[in-house]
Amino acid sequence: MATSYGPPSIWAVIVAAGLATFAIRLSFIHLFGRVEEVPPWLERALVYVPAAVLAALVAPDFAPASATVEAALTPELLGGAAAVAAAWRTEDVLWTVAAGMIGLHVARFLL
């Protein structure tokens, strides 16, 4: 994909994004190094961060581009549904991955 921006502009954006990421991470390390105790309300909020990040990374792969029922019945969605059911029932990562893979392969075979 061609762009009209030159190499200096692209490198400037890459360096700026890297510095911003580093600054955000360093701010939390610095903050928690100075704070004696994490406030309870922040601890309660931080519990949901891993699930929210995982959902943000995984959900777009399962969302169909069109909103029809036929488009929603994809092997990936059915495998994901099997993984979600296994995760909810067993709360075990190994069973979740196994159920998702089995569900995906069965759905690919049947659809």
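Before reading further, recall that the structure is shown in the block above.
Since we're looking at a predicted model, the values are computed, not measured.

Visitor: Help me understand the side chain of T96, please; the structure alone is not making it clear to me.
Guide: For T96, the position within the fold is in helix α6 (residues 93–110). What makes T96 buried here is its relative accessible area of 18%. The residues touching T96, leaving out its near neighbours within four places in the chain, are A83, A86 and A87.

Visitor: I tried to follow the environment of E76 on my own but got confused; where do I start?
Guide: If you trace the backbone, E76 turns up in helix α5 (residues 75–90). On the basis of relative accessibility, which here comes to 36%, the residue E76 falls in the partly exposed class. Considering only alpha carbons, one finds E76 and G100, 24 residues apart in sequence, at a separation of 8.9 Å. Setting aside anything within four residues of it in sequence, one finds E76 in contact with F62, L104 and R108.

Visitor: Looking at this structure, I do not really get the pattern of salt bridges. What am I missing?
Guide: Any two side chains of opposite charge can pair, on the condition that their charged atoms come close. Enumeration over the complete set of coordinates arrives at one salt bridge. Residue E76 is joined to R108 by a salt bridge in which the shortest nitrogen-to-oxygen separation is 3.6 Å. Taken together, the residues span a long stretch of sequence, with E76 in helix α5 and R108 in helix α6 at a distance of 32 residues. Accessibility expressed as a relative area gives 47% for R108, which makes it partly exposed.

Visitor: Help me understand the layout of surface pockets in this model?
Guide: The probe, sized like a water molecule, is rolled over the atoms to show the empty space still left. In this structure, the largest pocket occupies an estimated 310 Å³ of space. What lines the largest pocket is a set of 14 residues, and nearest its centre among them are V58, F62, G79, G80 and A83. Looking at the lining of the largest pocket, the elements that each hand over two or more residues are α3 (49–62), α5 and α6. Top element by residues in the lining of the largest pocket is α5. It accounts for six residues.

Visitor: Please explain the environment of W88 as it appears in this structure.
Guide: For W88, the position within the fold is in helix α5. Overall, the relative accessible area of 72% leaves W88 in the exposed class.

Rules used throughout
- Residues numbered from 1 in each chain as written.
- Predicted model: local features only at pLDDT ≥ 70, side-chain atom pairs only at ≥ 80, totals over all residues.
- Heavy atoms only, no water.
- Helix = DSSP H or I, 4+ residues; strand = E, 2+ residues; numbered from the N terminus.
- Buried < 20%, exposed > 50% of the residue type's maximum accessible area, 1.4 Å probe, protein only.
- Contact = heavy atoms within 4.5 Å.
- Salt bridge = Lys/Arg side-chain N within 4 Å of Asp/Glu carboxyl O.
- 1 Å grid on protein atoms, 1.4 Å probe; cavity = no way out; pocket = protein on both sides within 12 Å on 5 of 7 lines; lining within 4 Å.
- Points joined across faces, edges and corners; volume = space filled by probe spheres on them.

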